[in-house]
Amino acid sequence: MKKIYFAGGCFWGTEHFFKQIEGVETTQVGYANGNTPNPTYEEVCTDKTGYAETVCVVYDEDIVSLEFLVNMYFCAIDPTTLNRQGNDIGSQYRTGVYYTEETQKEDIEKVFSEQQRLLPSRILVEVEPLHNFFPAEEYHQDYLEKNPQGYCHLPAALFEYARKAKVKK
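Here we summarise the structure given alongside this text. Keep in mind it's a predicted model, so treat the numbers as computed, not measured.

### Brief notes about the packing of helix 1 (residues 11-19) against helix 6 (residues 156-164)
A packed helix pair is summarised by two numbers, namely the angle formed by the two axes and the spacing between the axes. It is the contact of helix 1 with helix 6, at a shortest axis distance of 8 Å, that shows an interaxial angle of 30°. Taken together, the axis directions place helix 1 and helix 6 in an arrangement best described as roughly parallel. Residues Gly13, His16 and Phe17 of helix 1 form the contact with helix 6, whose participating residues are Leu158, Phe159 and Ala162. Among the residues forming the contact of helix 1 with helix 6, the class breakdown is four nonpolar, two polar and no charged.

Have a look at this one:
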């Protein structure tokens, strides 16, 4: 199993999106790449901790590639918006891909280069090594499964798209 971390605005929808993809084994929402130990949601929302709402995605690389996951990520974000996704505004809602192995960086950058050619504006998504990650409070985990009518900046059709997406081998 491999791990990759995606910040895509509010982590509720980002987590639910990735859970639909074949080959994703587990997900966990939390806070990544900030500057305080063990932050709470309330602290992260102050915009002073440096954390991004992030989803840890554990995937089976025999079923789904990192390139496929990063391409799917681009379906769920506006990569040209800084510190905002949908109605969620603030640095904790920035977009980013945080890798745990140097070999992942090459695959990520390849997809970013391909995606940039399709966009009229510059991609503003961070690509950095994961410096730290703290799991979010339990009520945030699997939020949209526990609260099917809960707030989400992503359209429901996107979850169906992720469910049906197939890796081309």
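### Details of helix 4 (residues 102-118)
The first and last C-alpha atoms of helix 4 sit 26 Å apart over 17 residues, in line with the 24 Å expected at 1.5 Å per residue. Along helix 4, the residues classified as buried are Gln104, Ile108, Val111, Phe112 and Gln115. End-on view of helix 4: buried residues confined to an arc of 105°, all on one side of the axis. Of the residues in helix 4, the exposed ones pointing more than 90 degrees away from the buried face are Glu102, Thr103, Glu106 and Arg117. Residues of helix 4 that are buried make contact with strand 1 (2-8), strand 3 (52-59), helix 3 (66-75), strand 6 (95-99) and strand 7 (126-129).

Conventions we followed
Residues numbered from 1 in each chain as written. Predicted model: local features only at pLDDT ≥ 70, side-chain atom pairs only at ≥ 80, totals over all residues. Heavy atoms only, no water. Axes fitted to C-alpha atoms, helices over the stretch in contact; angles between N-to-C directions. Helix = DSSP H or I, 4+ residues; strand = E, 2+ residues; numbered from the N terminus. Parallel < 35°, antiparallel > 145°, perpendicular 65-115°, else oblique. Contact = heavy atoms within 4.5 Å. Nonpolar A, V, L, I, M, F, W, Y, C, P; charged D, E, K, R; others polar. Expected span 1.5 Å × (residues − 1). Buried < 20%, exposed > 50% of the residue type's maximum accessible area, 1.4 Å probe, protein only. Arc of directions from axis to C-beta.

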